[in-house]
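Here is what each chain is made of, one letter per residue.
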Amino acid sequence: MRIRTLGLTAVFFLALLCSSCGPSIYLAQDFRSYAPNHKTVAILPASVSIGMRPNQARNTSGEQMLRMQQQSALDFQYRIYSWLLRRQQQQHYTVTFQDVALTNSMLRQANLTDVDMRTLSPKDLANALGVDAVLTTSVRTSKPMSDGAAVALGVLVGAWGNTNQANITVDIHEGGAGALLWKYDFVAAGSVGSSPETIVNALMRNASRKFPYTPPKS
């Protein structure tokens, strides 16, 4: 009986933790005035910030951290692109998504660095890529993944380990004036490290249902 009670208690706390991590969504009131004119959206490499404990930071060089962040940025970009392509077949979004290989090639040709992508306006980025809107992603995580290959995320499968948290923001800005059209904030916490694939699956499972370029229901 005691074991069963402990099990029910663990489930309760997991459910409470999950409910506290619900997404926050913003949609511009005038979004529908922009949407009919949008044909192509570019998905940019993510901006990734990885937290480390002091002992991890001492054993990680600046070059290693930079490589980890750059690889994670591309991983997130590719996986969000793949997710939206698959979902597009079901939701019939009113826009297409620029191939991320083309996006990255155009960014290189324009000599736009990671710093430039964080400091340039969405309008300038959209103009450089020849698209109607840009989708940007920001990921902040409290710990690196155990294999050091990308960012980390806690998955809600256990309640008693050291927790990790990932704060993810997805924005869509239109390319004309650079106005913010859609903002999706997602927080996940738990006790098991994970990969960008798992993070994106958790993020996009919810976000793709609320994606703004969905045709109105008749």
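An account of the accompanying structure is given in this report. Please read these numbers as outputs of a predicted model, since none were measured by experiment.

**Digging into the environment of Leu135**
So, step 1. One can find Leu135 in strand β5 (residues 133-141).
So, step 2. Sequence separation between Leu135 and Ile43 is 92 residues, and the spatial gap between their C-alpha atoms is 4.8 Å.
So, step 3. With near-sequence residues (within four places) excluded, Leu135 lies in contact with Val41, Ala42, Ile43, Leu44, Ile80, Leu84, Val170, Asp171, Ile172 and Phe211.

**Observations concerning the layout of surface pockets**
So, step 1. Its volume calculated, the largest pocket comes out at about 510 Å³.
So, step 2. Forming the walls of the largest pocket are 21 residues, and the residues nearest its centre are Pro45, Ala46, Ala73, Asp114 and Met117.
So, step 3. For the lining of the largest pocket, the elements supplying multiple residues, two or more each, are β3 (47-50), α4 (62-91), α5 (100-109), α6 (114-119) and β5.
So, step 4. Examining the composition of the lining of the largest pocket, we find that five residues originate from one element, α4, more than from any other.
So, step 5. Grouping the constituent residues of the lining of the largest pocket by class yields 11 nonpolar, seven polar and three charged.

**Brief notes about the environment of Phe76**
So, step 1. When you line up the elements, Phe76 lands in helix α4.
So, step 2. A relative accessible area of 0% places Phe76 in the buried class.

**Some thoughts on the pattern of salt bridges**
So, step 1. What the rule picks out here adds up to one salt bridge.
So, step 2. A salt bridge links Asp171 to Lys183; the shortest N-O distance between them is 3.5 Å. Residue Asp171 is located in strand β6 (residues 164-174), and its partner Lys183 is located in strand β7 (residues 180-190); the two are separated by 12 residues in the primary sequence.
So, step 3. Given a relative accessible area of 26%, Lys183 falls into the partly exposed group.

**Quick word on the nonpolar core**
So, step 1. If you look at the biggest cluster of nonpolar residues, it comprises 37 residues, and the most contacted ones within it are Ile43, Leu84, Phe97, Leu135, Met204, Phe211 and Tyr213.
So, step 2. Looking at this core, the elements with two or more residues in it are β2 (40-43), β3, α4, β5, β6, β7 and α8 (196-207).
So, step 3. At eight residues, the largest contribution of residues to this core is made by α4.
So, step 4. Residues in contact with Met204, not counting those within four places in the same chain, are Ile80, Trp83 and Leu84.
So, step 5. With 10 residues, the next largest nonpolar core counts Leu107, Leu125, Leu129 and Val134 among its residues.

Calculation criteria
- Residues numbered from 1 in each chain as written.
- Predicted model: local features only at pLDDT ≥ 70, side-chain atom pairs only at ≥ 80, totals over all residues.
- Heavy atoms only, no water.
- Helix = DSSP H or I, 4+ residues; strand = E, 2+ residues; numbered from the N terminus.
- Contact = heavy atoms within 4.5 Å.
- 1 Å grid on protein atoms, 1.4 Å probe; cavity = no way out; pocket = protein on both sides within 12 Å on 5 of 7 lines; lining within 4 Å.
- Points joined across faces, edges and corners; volume = space filled by probe spheres on them.
- Nonpolar A, V, L, I, M, F, W, Y, C, P; charged D, E, K, R; others polar.
- Buried < 20%, exposed > 50% of the residue type's maximum accessible area, 1.4 Å probe, protein only.
- Salt bridge = Lys/Arg side-chain N within 4 Å of Asp/Glu carboxyl O.
- Core = buried A, V, L, I, M, F, W, Y, C linked by side-chain atoms within 4.5 Å.

Don't take any of this as a statement about function, it's just geometry.
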